[in-house]
Each structure stands twice: as structure tokens, then as C-alpha cells.
Amino acid sequence: MRIATWNVNSVRQRLEHLLLWLRECQPDVVCLQEIKCVDEAFPRETIEALGYNVVTHGQKTFNGVALLSKFPLEEATPRLAGDDADVHARFLEGVVSLKRGVVRVACLYLPNGNPPETEKYNYKLKWMARLLEYSKQTLKTEEPLILAGDFNVIPAPQDVHNPAAWIGDALFKPQTRESYQALLGLGLTDALRAVTDAA
């Protein structure tokens, strides 16, 4: 099964590219971030015509996530648990049904957190703590779990061309990297690391 993720940065602006990519690459499941539209404005019918089931958790002008799947999508859950006051559309979980079982896919658009001396960074860290708790609880089900999306994290210096330029940035701060490592510490695998030579 091919699962792909793309920060599309406005699905309506990139629709032609998205449709071309879907036709050429034929991913089975797609996680889209920054769709930047409400659910009603998402180009659902055009994408469904390519054989995809579509679930969205949209937000006007910014944020927003979507799941596209060639397989049935069940138990679609918007929003990350842990903060009822958080209205940002940054998380969408769905269960993909296969003949041999299910796969739980969570599409996420983690907060950027810049500038780090503001409440935006506190929000980022709290969001990451909520994601960690979600992951801990979900892994207890012993179902396959995919966390895919835009993490807004630079895990290690080799992940950027000029690490010194990122010192002090919310994506590269030690607390951010530690929070990301805590996720991996649950037994999750960084898929990019697994298929590249990066140490």
C-alpha cells in the first residue's frame, strides 16, 4: 500500500497539480495539509471521480487537513484530543479498511511555533504533548498506525543545509527536537530516515 503526504498550501490553487500527481503516482492513501478551505469548498467531486474516498477537516483561509483513500475510510475523527478550546483544523484521523485488517492514518499539520518567544511556541509544545499522548493511547490498540503530515520539526542538523541559520527557530529548538524524539521513543519509525542514508 502506498501512503503519501503533501503540504499542498491551498488545494484550490494546486488542484491541477494535485490531480496530475494523483493520476501519475496512484497513491492509495493521501494526507493533505494546509488545504486552506472550509469543507464545503473542497473539490471533493473532482477527486472522488479519480476513485478516492474523501474526508476533510477544513478551515477558512489557513490550516485544514484532508484524507483521500482508495479504500473505505471509517471512524474519521477531526481534531486532536486534549484541548477542547483548540479550534485550529490541524488533525484528522481515519481508519482505512483492507481485506487483511485496518490501518489507522492520522494526517497532521503541526504548529510552526514562530516566533519562539511568543505564545505560538507554547501552543506548539502543548500540541506536541497532545500528539504524544494520542500516540501512546492509540498504540495500545495494537493496530498499525501512520502519523503523516507536516511536522514543522527539524529533527537533526543534517536535515537542513545550514544548521547555524536555524538556531533559535521554533522548528530547531531543543525542546521541539526532544518532543519529536519522544514520539519516536514510543516505537514509531521515521519513514524518511528509514529509506535514506541520513544518520
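Look up a bit, the structure's there.
Residues numbered from 1 in each chain as written. Predicted model: local features only at pLDDT ≥ 70, side-chain atom pairs only at ≥ 80, totals over all residues. Heavy atoms only, no water.

**Focus on the pairing of strand 7 (residues 101–109)**
- Most of strand 7 sits out of view: seven of its nine residues are buried.
- Relative to strand 7, strand 6 (residues 91–98) is paired through eight bridges, and the arrangement is antiparallel. By the bridge assignment for strand 7, Leu-92 is matched with Cys-107.
- Hairpin connection between strand 6 and strand 7: a loop of two residues separates the two successive antiparallel strands. (Buried < 20%, exposed > 50% of the residue type's maximum accessible area, 1.4 Å probe, protein only. Helix = DSSP H or I, 4+ residues; strand = E, 2+ residues; numbered from the N terminus. Pairing = 2+ DSSP bridges.)

**Quick notes on the side chain of Thr-138**
- Locating Thr-138 in the fold gives a position in helix 3 (residues 119–139).
- Assessed through its relative accessible area of 10%, Thr-138 is described here as buried.
- A polar contact of 2.7 Å, which involves the side chain of Thr-138, links it to the backbone oxygen of Tyr-134.
- Once residues within four sequence positions are removed from consideration, Thr-138 is found in contact with Arg-104 and Leu-145. (Polar contact = N/O pair within 3.5 Å; in protein donor to acceptor, adjacent residues only side chain to side chain. Contact = heavy atoms within 4.5 Å.)

**Here we look at the sheet that holds strand 7**
- The sheet built from four strands is open, its strands ordered 5-6-7-8 with mixed pairing. Two strands close off the open sheet at either side, each with one partner strand: strand 5 (73–78) and strand 8 (145–150). When the angles between neighbouring strand axes are averaged without regard to direction, this sheet yields 20 degrees.
- Along the sheet face, helix 3 touches strand 6, strand 7 and strand 8 and points at about 160 degrees away from the line of strand 8. (Axes fitted to C-alpha atoms, helices over the stretch in contact; angles between N-to-C directions.)

**What about the packing of helix 3 against helix 4 (residues 174–184)?**
- For the pair helix 3 and helix 4, interaxial distance at closest approach is 10 Å and the crossing angle is 10 degrees. Of the possible angle classes, the one that applies to helix 3 and helix 4 is roughly parallel. Here helix 3 contributes Tyr-121, Lys-124, Leu-125, Met-128, Leu-131, Leu-132 and Ser-135 to the contact with helix 4, which in turn contributes Gln-175, Thr-176, Ser-179, Tyr-180, Ala-182 and Leu-183.
- Its residues placed into classes, the contact of helix 3 with helix 4 shows eight nonpolar, four polar and one charged. (Parallel < 35°, antiparallel > 145°, perpendicular 65-115°, else oblique. Nonpolar A, V, L, I, M, F, W, Y, C, P; charged D, E, K, R; others polar.)

**What to know about the sheet that holds strand 2 (residues 29–33)**
- In spatial order, the strands read 1-2-4-3; together these four strands make up an open sheet with mixed pairing. What marks the edges here is a single partner per strand, and that holds for strand 1 (3–7) and strand 3 (53–57). The average angle at which neighbouring strand axes cross in this sheet is 15 degrees, direction not considered.
- Here strand 1 runs beside strand 2; their pairing, made up of five bridges, is parallel. Bridged to Ala-4 within strand 2 is Val-30.
- Across the sheet, helix 1 (residues 15–25) lies against strand 1, strand 2 and strand 4 (65–69), angled at about 165 degrees from strand 1, the strand it touches most.

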